[in-house]
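Examination of the molecular architecture
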Amino acid sequence: MQVFKAMDYISQNLCFNPTLEDIASAVAVSSFHFHRIFKAQVGETIAGFTRRLRMERAAMWLIESPRKDITDLALRVGFSSSQNFAKAFRQHFSVSPGEFYRQYSAETKSKTGNVGAEKSTYSLRDEDMQSGWQEANFVSASIVSQPARRVAYMRRFGAYGKETCWLTHQDLFNSFPVRTPLQPAGMICIYWDAPEVTLESRCRTDVCIELHDGEKPGRGVAVQTIAGGTYAVCKFAVYGEHLDTAWDIAFAWIKNRGLTRSDIPCYEKYYNETDVALDYYVFDIFIPLKSTPAV
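As the structure is a prediction and not an experimental result, all values here were calculated from the model.

**Notes on unusual backbone geometry**
Non-glycine residue Asn-17 carries a positive phi angle of around 45°. By the secondary structure assignment, Asn-17 is in the loop between helix H1 (2–12) and helix H2 (20–26). For Ala-28, which is not a glycine, the phi torsion comes out positive at approximately 60°. Along the polypeptide, Ala-28 turns up in the loop between H2 and helix H3 (31–42).

Take a look at the structure:
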């Protein structure tokens, strides 16, 4: 559990380039053996994990804001200069920041199903998006203030997909023997990484159940708090083949309104109308926003 908390702390503090001592202190463990425990569970050293996330965060900012000043970008991921940042970026991706963006634009212009970028294959004009909305059964969208959510969760590493979510959800519910398993209502899936820049094997999915006041999770289950704040909430009712399309449309919807996604993870929350046996899913996509639109 402490390893998961350490991973989350690193993700949330990349601009400070946290040290082993910072991380160990934040999760209340001794740093003496923690780096060994972390590597054994995650498959990366703490330094390597932190460095990779800094580079991946920078890469996503390049994709989303290609005109961003390179020095500002370097500072946002904890580098003291644009030269140091450019060198580290090239070491990680084998290309310069500028070349990375050019390659991404040329090779993945039509890629769908991501949960990290605002990029979409749909036109930014609402009237031109209607066919896509109908195809994916776009139900509604709004910008709302969400409370923080205290959830029990299990974390899985690997390619994003419904198989990972539903199998893990069963395991999670089985750890709550006193609950009536009203599946899948209330199931939440948090996606920490962007598959455009993160290897499938490294992508983190947290499958969650929101906890009642005073409720404690089962043994071996971690607890976290999903950040509250302003979110774009897009509701869909889709068959499995259109799950990726739903995400693409949700990001197009926020970009069409001049909104910018914040750096905290996106998540899904499912309704009870979902029927896994029929491969049919009714759910909200929650995209955290940096700002609300002008009224």
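**Remarks on helix H4 (residues 46–64)**
Its 19 residues give H4 an end-to-end C-alpha distance of 27 Å, which sits within 8% of 27 Å, the value for a rise of 1.5 Å per residue. Of all 19 residues making up H4, 17 are buried, and the element is well covered by its neighbours.

**Structural notes on the packing of aromatic side chains**
Working definition: an aromatic ring pair is given by the centre-to-centre distance plus the angle between the planes. Within the structure shown, the criterion is met by 21 aromatic pairs. Between the aromatic rings of Phe-34 and Phe-38, the centroid separation amounts to 6.3 Å while the plane-to-plane angle is 65°, which identifies the pairing as edge-to-face. You can see Phe-34 and its partner Phe-38 sitting in helix H3, four residues apart, about one turn around the helix. The burial state of Phe-34 is the same as that of Phe-38; both residues are buried. Through a chain of ring-to-ring contacts, the aromatic side chains of Phe-138, Trp-166, Phe-236, Tyr-270, Tyr-281 and Phe-283 assemble into a single cluster. For the cation-ring pair, Arg-76 lies above Trp-61, with the distance from its terminal atom to the ring centre recorded as 3.7 Å. The cationic tip of Lys-235 hangs over the ring face of Tyr-271; the distance from NZ or CZ to the ring centre is 4.2 Å.

**Thoughts on the layout of surface pockets**
Its volume calculated, the largest pocket comes out at about 640 Å³. Of all the secondary structure elements, the ones that give two or more residues to the lining of the largest pocket are H1, H4, strand S3 (188–191), strand S5 (222–226) and strand S7 (266–270). With five residues, H4 is the single largest residue contributor to the lining of the largest pocket.

What counts, and at which threshold
- Residues numbered from 1 in each chain as written.
- Predicted model: local features only at pLDDT ≥ 70, side-chain atom pairs only at ≥ 80, totals over all residues.
- Heavy atoms only, no water.
- Helix = DSSP H or I, 4+ residues; strand = E, 2+ residues; numbered from the N terminus.
- Expected span 1.5 Å × (residues − 1).
- Buried < 20%, exposed > 50% of the residue type's maximum accessible area, 1.4 Å probe, protein only.
- Phe/Tyr/Trp six-rings, centres within 6.5 Å; stacked < 30°, edge-to-face > 60°.
- Lys NZ or Arg CZ within 6 Å of the ring centre and 35° of its normal.
- 1 Å grid on protein atoms, 1.4 Å probe; cavity = no way out; pocket = protein on both sides within 12 Å on 5 of 7 lines; lining within 4 Å.
- Points joined across faces, edges and corners; volume = space filled by probe spheres on them.

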